[in-house]
Amino acid sequence: ITTDFMNLPEYTYYDNSELMADYKKLVIDFFKLVDSSLSGEQLNEKADNLIKFEKEFVKIYPHPEVIRQRWSEKRQEKQADFLAKYPQLMLNRFLAQTPQKILISNPLPEALAFYNSALKPENLSVLKDFYLYGFGRRFFDDSNPEYYKKQFDFNAKHMGGPVVRPVRQERCTR
């Protein structure tokens, strides 16, 4: 189960209007490649909904210093309590195979609560888009070098990434 619904690495990126405009273009370009039948209006709607979803998550997600602290704490709960808090995750069958005495570690309950509340039929499209973009964009290196270059340039401009990409031999031998 994911507990991170941010495709950008840090909170403050979501407050940067120039970065978010470039991010929206990147998302639109991704979905153009994935489904060429989408109209400009549909592409804008997908991008807007994805960004809105991520921004909603950013509001509730603990900051890195809190996360680090929590990973060092013993934040466990009984299976029954966990299942009662997050019924939409539908983990009943999975946990039924686990001895009841086994506790669930839950260092980021805000994230699971967000996910639990997001698992509704009306959010299905944005959840699918989140996963598709979040995981799919990583595979465009060889299949679509033009798109990958846009990602690379975005990272160089906004994330402090390198300006020049190392040659393949260097990338593959690290």
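Refer to the structure printed above.
Worth saying up front: this structure is predicted, and the values here are computed from it rather than measured.

What follows is about the pattern of salt bridges. Applying the stated criterion across every chain, the model contains 13 salt bridges. Residue Asp22 is joined to Lys157 by a salt bridge in which the shortest nitrogen-to-oxygen separation is 2.9 Å. Of this pair, Asp22 sits in helix α1 (residues 17-34) while Lys157 sits in helix α9 (residues 145-158), and the two are 135 residues apart along the sequence. Accessibility expressed as a relative area gives 17% for Asp22, which makes it buried. For the salt bridge of Glu73 with Arg75, the shortest nitrogen-to-oxygen distance reads 3.1 Å. Taking the relative accessible area as the measure of exposure, Glu73 reaches 33% and is therefore partly exposed. Among the charged side chains, a salt-bridge network with shared partners connects Glu18, Asp22, Lys25 and Lys157.

In this structure, Phe5, Leu8, Tyr23, Phe53, Tyr61 and Tyr133 are the most contacted members of the largest nonpolar core, which totals 43 residues. Going through the elements one at a time, α1, α2 (40-60), α6 (109-118), α7 (124-136) and α9 are the ones with two or more residues in this core. Ranked by residues supplied to this core, first place goes to α1 with 8 residues. Ignoring sequence-local partners within four residues, the contact set of Leu8 consists of Tyr13, Tyr14, Leu19, Met20, Tyr23, Glu54, Phe154 and Met159.

Time to look at the packing of α1 against α2. Viewed as axis vectors pointing N to C, α1 and α2 meet at an angle of 125°, and their least axial separation amounts to 9 Å. Between α1 and α2, the angle is such that the two are oblique. The handedness of the crossing between α1 and α2 is right-handed. Here α1 contributes Met20, Tyr23, Lys24, Val27, Ile28, Phe31 and Lys32 to the contact with α2, which in turn contributes Leu43, Asn44, Lys46, Ala47, Asp48, Leu50, Ile51, Glu54 and Lys55.

Given two aromatic rings, their pairing is described by the distance between the two centres and the angle made by the two planes. Going through the model one piece at a time under the given rule, you end up with 20 aromatic pairs. Taking the centre distance of 5.0 Å and the plane angle of 85° together, the rings of Phe30 and Phe31 count as edge-to-face. We note that Phe30, like Phe31, is buried. Taking 5.3 Å as the distance between ring centres and 65° as the angle between the ring planes, the aromatic pair formed by Phe140 and Tyr147 counts as edge-to-face. Here Phe140 matches Tyr147 in class, with each residue buried. An aromatic cluster is built from Phe5, Tyr11, Phe53, Phe57, Tyr61, Phe114, Tyr115, Phe130, Tyr131 and Phe135, whose rings are joined through pairwise contacts.

So, how was this worked out
Residues numbered from 1 in each chain as written. Predicted model: local features only at pLDDT ≥ 70, side-chain atom pairs only at ≥ 80, totals over all residues. Heavy atoms only, no water. Salt bridge = Lys/Arg side-chain N within 4 Å of Asp/Glu carboxyl O. Helix = DSSP H or I, 4+ residues; strand = E, 2+ residues; numbered from the N terminus. Buried < 20%, exposed > 50% of the residue type's maximum accessible area, 1.4 Å probe, protein only. Core = buried A, V, L, I, M, F, W, Y, C linked by side-chain atoms within 4.5 Å. Contact = heavy atoms within 4.5 Å. Axes fitted to C-alpha atoms, helices over the stretch in contact; angles between N-to-C directions. Parallel < 35°, antiparallel > 145°, perpendicular 65-115°, else oblique. Left-handed = near helix turned anticlockwise from the far one by under 90°. Phe/Tyr/Trp six-rings, centres within 6.5 Å; stacked < 30°, edge-to-face > 60°.

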